[in-house]
Amino acid sequence: MDVPPAPCDPDTIGVIELELLKLVRHLETFGRRSSLYRQVDRAGYLVLRTLEATGPMSTKALATTLNLDASTVTRQITALEGAGFVERRPDPSDRRSSTIILTEEGHRTMAGVERERRHGMEALVSDWAEQDKVTLGRALSRLNISLLESGRTSKDVD
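Undergrad: Account for helix α2 (residues 42-54), naming residues and giving values.
TA: Between its first and last C-alpha atoms α2 spans 18 Å; for 13 residues at 1.5 Å apiece the expected length is 18 Å, and the two agree. Listing the buried residues of α2 in full gives G44, Y45, V47, L48, T50 and L51. Packing partners of the buried residues in α2 comprise β1 (57-58), α3 (59-66), α4 (70-82), β2 (86-91), β3 (94-102) and α5 (104-124). Backbone geometry just after α2 places G55 at a positive phi near 90 degrees.

Set out below in structure tokens:
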């Protein structure tokens, strides 16, 4: 098993780059091998989780929240609507647009996938010290914020 260099190693950025690459590969492999996404794919699951956290939203607001193009989100919503996980309702403030609402079936499905994902994560880190779990959670949150801000900055530059 490869042990990454200590944090004071001069190639810490190289370690981060390589470990993220491996992480993406492991997550892709894990997703293909598991039954997690039989009912809803990864992208749809993220839409459901977002609607659960924020409540009903317009497609445009959902796209902005997910940092995705509206056409991409529209395709995801169409698939989720076909499965009965979300509903489109006319936006009371603008009848030309619609509000996306999580259905009870969508909530149940999202909660089931979340339980399975949490169970898998708990098993992966069951022998870790609690502080290591906290540190990883904080580091991943910071990384996601940096990635989001980086994406916004590069869009502004284009």
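Undergrad: Can you lay out the packing of α2 against α5 for me, pointing to particular residues and giving the numbers?
TA: Put simply, α2 and α5 touch, their axes get as near as 10 Å, and they point 110 degrees apart. Here α5 runs roughly perpendicular to α2, going by the angle between their axes. Judged by residue contacts, Y45, L48, R49 and E52 of α2 engage G106, H107, M110, V113, E114 and R117 from α5. Considered class by class, the residues forming the contact of α2 with α5 number four nonpolar, two polar and four charged.

Undergrad: Tell me about α5, and name the residues and values.
TA: Taking 1.5 Å per residue, 21 residues should reach 30 Å; α5 reaches 30 Å between its end C-alpha atoms and fits that length. Those residues of α5 hidden inside the fold are in contact with α2 and β3.

Undergrad: Let's hear about the nonpolar core: which residues, and what values?
TA: Counting 18 residues, the largest nonpolar core has V40, L48, L51, L62, L80 and V86 as its most contacted members. Contributing elements (two or more residues each) for this core: α2, α3, α4, β3 and α5. Examining the composition of this core, we find that four residues originate from one element, α2, more than from any other. Setting aside anything within four residues of it in sequence, one finds L80 in contact with V40, G44, V47, L48, F85 and V86.

Undergrad: Mind laying out the side chain of T103, listing which residues take part and the relevant values?
TA: In this structure, T103 sits in the loop between β3 and α5. A distance of 2.6 Å separates the side chain of T103 from the backbone oxygen of G84, its partner in a polar contact. Excluding residues that lie within four positions of it along the chain, T103 makes contacts with G84, F85, V86 and E87.

Undergrad: Break down the pattern of salt bridges for me, citing the residues and quoting the values.
TA: Taken as a whole, this structure holds six salt bridges when the rule is applied. A salt bridge links E114 to R49, with the shortest nitrogen-to-oxygen separation between them at 3.6 Å. Highlighted residues: E114 in helix α5 and R49 in helix α2, separated in sequence by 65 residues. K133 is the salt-bridge partner of E130, the closest N and O atoms lying 3.8 Å from each other. Remark: K133 and E130 occur in helix α6 (residues 130-157); sequence separation between them is three residues, near one turn of the helix.

Here is what the cut-offs are and how they apply
Residues numbered from 1 in each chain as written. Predicted model: local features only at pLDDT ≥ 70, side-chain atom pairs only at ≥ 80, totals over all residues. Heavy atoms only, no water. Helix = DSSP H or I, 4+ residues; strand = E, 2+ residues; numbered from the N terminus. Expected span 1.5 Å × (residues − 1). Buried < 20%, exposed > 50% of the residue type's maximum accessible area, 1.4 Å probe, protein only. Contact = heavy atoms within 4.5 Å. Axes fitted to C-alpha atoms, helices over the stretch in contact; angles between N-to-C directions. Parallel < 35°, antiparallel > 145°, perpendicular 65-115°, else oblique. Nonpolar A, V, L, I, M, F, W, Y, C, P; charged D, E, K, R; others polar. Core = buried A, V, L, I, M, F, W, Y, C linked by side-chain atoms within 4.5 Å. Polar contact = N/O pair within 3.5 Å; in protein donor to acceptor, adjacent residues only side chain to side chain. Salt bridge = Lys/Arg side-chain N within 4 Å of Asp/Glu carboxyl O.

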